[in-house]
Every structure is written in structure tokens, then in C-alpha cells.
Amino acid sequence: MPANLTPDYINAEKEYKAAKTPEEKLVCLQRMLSVIPKHKGTDKLQADLKKRISQLKVTCEQRTRKKGPSYRIRPEGAGQIALVGPPNSGKSSILKALTHAEPEIADYPFTTREPIPGMAHYKDIQIQLVDLPPISKEHCETFVFDNIKGADGLLLVIDLSAADPVEDYEQVVEILESRRIVPVPPETLDFAVERPGDVAIRSILLLTKCDLDVDGELLTLIQEMIDTPLPLVVISAETKTGIEELPAKLFEMLHIIRVYSKQPGKSPDMEAPFTIPIGANVMDFAGVVHKDFAEHLKSARLWGSSKFDGQIVQRDHILQDGDILELSI
Ligand SMILES: Nc1nc2c(ncn2[C@@H]2O[C@H](COP(=O)(O)OP(=O)(O)OP(=O)(O)O)[C@@H](O)[C@H]2O)c(=O)[nH]1
Ligand SMILES: [Mg+2]
């Protein structure tokens, strides 16, 4: 039986031949396997591809282990949030829609091969987004999990127009849990986990490509079928539906507030707030501004959530988002 290979497959094979590193070769082989016509005539070829993929995976894992943590993106801004999901679900498109990053976006799986950071803006702060290579049962780069574990929050990105978005979501959670990562709702305060060693991370389930669900039928079906404690947020990177509202959700997920510092007799610096955890008090803020303030704080005056402007507040006074604090030593 003839194999009848498609142009997609032939292109992927060309890329495979041109690929230089084992990682690039692996991605090409996976792409070849995902686009190869599935019928009797390609059975042998499929088996051969699978064998080459598993051999290359071993080589790649050994190389990743040697490279160590160099793939981990250094956190910047008020917090780091990772984009996690199956191949082709639309992760990179979200990074591009929210930041100035220019990730490669393409209509085939395993386009993203290494973590790509970008800064999203929320009011006067920046939140770091990290686009990651996909996770799937077929293949996951080991370093992806280091990035996920180190993130302050996760966006689980599922294509709601995919063949089985509920299954996609369940697989992502299963893979994460097999790596001891437990996505929890953004409002979670208590990170008590069932198994010691598990890492709980605040997460949102992003159902993307909603422009392909014009009458909302797919969404209704997903809402009926899915079993998740996470909030569902529906967006489209294509039409930008829901994109503008996302930074506020990222901010909420970080559980932080913005507090401005003011020097005595001067106007406050409203350009660059400090970010501190919700529930932090005057002393916590002093420690973040400078260790001298924390060690020698004499008094603090508050503008914003205080009863009157310039009110003197105690060291254990709990601060609110948008407060301005004048510290004196
Ligand atoms: N219609 C529609 N297409 C989208 C949307 N978001 C992404 N796409 C398309 O989906 C395909 C995959 O998008 P990517 O952003 O590259 O997906 P990814 O999850 O980063 O893919 P990998 O890096 O391979 O894991 C591309 O062809 C995009 O143009 C969307 O909101 N609507
Ligand atoms: Mg991508």
C-alpha cells in the first residue's frame, strides 16, 4: 500500500534533515509523527518514527540534565506566571497578545522549544509571563517542570475548539500531578497538600480560541463535562476577547498589593510601587524598601486607606493596595 505522504509530512522531514541538535531533531520527528497519514501503508514508517523518538528522548534528557538549571527563566517584575498546556493550544499567542515578546506561532505542535519570557502590564506594575514548550503524554521537556515549579501562578491553556478539550485538560493535570505539581484556585490561602512533597500553585484554566465557538455550544459542553476546582476564563488571542481583562486576573493570582513610598517633605514616588503580599504590614513594607528602615523605623504615616491623610500608623498596621507610606528613621 502506498504511503501517500502529505506536503506537511514532507516539509517536516526536510526540517528534520536540516536540524542540527538532538532537541531540534526530536521536535521534527514528533511533528512528522503527528502529521503522518495514519493508515496501513504508513504502519512501518510510524513504528520507525516512534523508535527514533524514544531513542532521541533518552539523548535529550541526558543533555538537559547536564545543562542543569540554565533553562530556568530568572523572575522579573512583580511575579512570574507560566503558560502551560498541550501542543498547539495557543500559549505563545497569549504571550504575544499580552507582552512585547515575539514568540514563534504556528499551526503545528511543538513550535515552542524553550521558555520565552515577556512582561505584561497591569496598572503601574509588570508581571512576567513565561511561555513554555508544550506538555503532552508523548513528550515533555524536563526543564519545563522546573519553570512551572518556580512560577508564582499558572495559566493552563486549553484550546476549546480541540477534538476533546476536557481530555486535554485532564491530561495536563495528570502530567503535572505526576511531577508533584497541584494546580489550585487563585483564591487559595492555605497551601496544605495531600501528599508531602507536592507543590500547590495558584492557577486559572484559560479556554482559548473562543472565536471558533461562535454560538457558544462548545463552551456549554465543556462547562457540563469538566470537573475542575479552577475558574474558567474564556478568551481569544485572535479577536482579543478577554485579553484586556487578563492582567487584572494575573494580579489577583499573585496575591500582592502595590504600596508607594514617600520621603518626608516630598511628593510620593507614584511611578514605581513596591509590591508586597496581601496581609503585609508596615514593618514588612519597611523591610522591602531598605533594611535601615526595618532596623531603625521611628514612625510611619499613611495616605490612602487611612482615616485621614498623613495618619500615623503602627508597625503592625496592615496595608492596602494603593497605599502611600512615609517612613521616618
Ligand atoms: N482562531 C484562533 N486561532 C488561534 C488562537 N490562538 C492561537 N491560534 C492559532 O493556533 C495555532 C497554535 O498557536 P500557538 O500560539 O503557536 O500555540 P502553542 O500552544 O504555543 O503551540 P506549541 O508551542 O506548539 O505548544 C496557531 O496557528 C495560532 O494562530 C485564537 O485565539 N483563535
Ligand atoms: Mg508555543
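Structural notes, computed from the coordinates. These numbers were taken from a predicted model, which means no experiment stands behind them. (Residues numbered from 1 in each chain as written. Chains lettered and ligands numbered in written order. Predicted model: local features only at pLDDT ≥ 70, side-chain atom pairs only at ≥ 80, totals over all residues. Heavy atoms only, no water.)

### Remarks on the coordination of the magnesium ion (ligand 2)
(1) Moving on: Only Ser92 (OG) and Thr112 (OG1) from the protein reach the magnesium ion (ligand 2) as donors, at distances of 2.0 to 2.1 Å. Taken as a pair, Ser92 in helix 4 (residues 91-98) and Thr112 in the loop between helix 4 and strand 2 (116-122) lie far apart in primary sequence, 20 residues in all.
(2) Moving on: Classification of Ser92 by relative accessible area gives buried; the value is 10%.
(3) Moving on: Residue class for Thr112 comes out buried when judged on its relative accessible area of 10%. (Donors = N, O, S within 2.8 Å, 3.2 Å for Na, K, Ca; no water. Helix = DSSP H or I, 4+ residues; strand = E, 2+ residues; numbered from the N terminus. Buried < 20%, exposed > 50% of the residue type's maximum accessible area, 1.4 Å probe, protein only.)

### Some remarks on the packing of aromatic side chains
Here a ring pair, both rings aromatic, is described through the centre-centre distance and the interplanar angle of the planes.
(1) Moving on: Tallying each qualifying case throughout the model produces two aromatic pairs.
(2) Moving on: Ring centres 4.6 Å apart and planes at 20 degrees place the aromatic pair Tyr122 and Phe251 in the stacked group. Separated by 129 residues along the polypeptide, Tyr122 in strand 2 and Phe251 in helix 8 (residues 246-254) bring together distant segments of the chain. Side by side, Tyr122 and Phe251 carry an identical accessibility label, which is buried.
(3) Moving on: Taking 5.6 Å as the distance between ring centres and 90 degrees as the angle between the ring planes, the aromatic pair formed by Phe274 and Phe285 counts as edge-to-face. Here Phe274 is found in strand 9 (residues 274-277), whereas its partner Phe285 is found in helix 9 (residues 282-289), with eleven residues between them in sequence.
(4) Moving on: By relative accessible area, Phe274 is classed as partly exposed at 25%.
(5) Moving on: Lys25 extends its terminal NZ or CZ atom over the ring of Tyr16, reaching a point 5.2 Å from the ring centre. (Phe/Tyr/Trp six-rings, centres within 6.5 Å; stacked < 30°, edge-to-face > 60°. Lys NZ or Arg CZ within 6 Å of the ring centre and 35° of its normal.)

### Observations regarding the site of ligand 1
(1) Moving on: Among the 23 residues in the neighbourhood of ligand 1, the closest are listed as Lys91, Ser92, Ser93, Thr111 and Asp211.
(2) Moving on: In this structure, an oxygen atom belonging to ligand 1 sits 3.3 Å away from a main-chain N or O atom of Ala106.
(3) Moving on: Contact distances for ligand 1 include 2.8 Å between an oxygen atom and a backbone N or O atom of Thr111.
(4) Moving on: For ligand 1, the accessible surface in isolation is 650 Å², of which the surrounding protein chains cover 90%.
(5) Moving on: Counting residues per element, the shell around ligand 1 draws most heavily on helix 4, at three residues.
(6) Moving on: Its residues assigned to classes, the shell around ligand 1 comprises nine nonpolar, nine polar and five charged. (Near = heavy atom within 4 Å. Polar contact = N/O pair within 3.5 Å; in protein donor to acceptor, adjacent residues only side chain to side chain. Areas by Shrake-Rupley, 256 points an atom, 1.4 Å probe, with all protein chains shown as cover. Nonpolar A, V, L, I, M, F, W, Y, C, P; charged D, E, K, R; others polar.)

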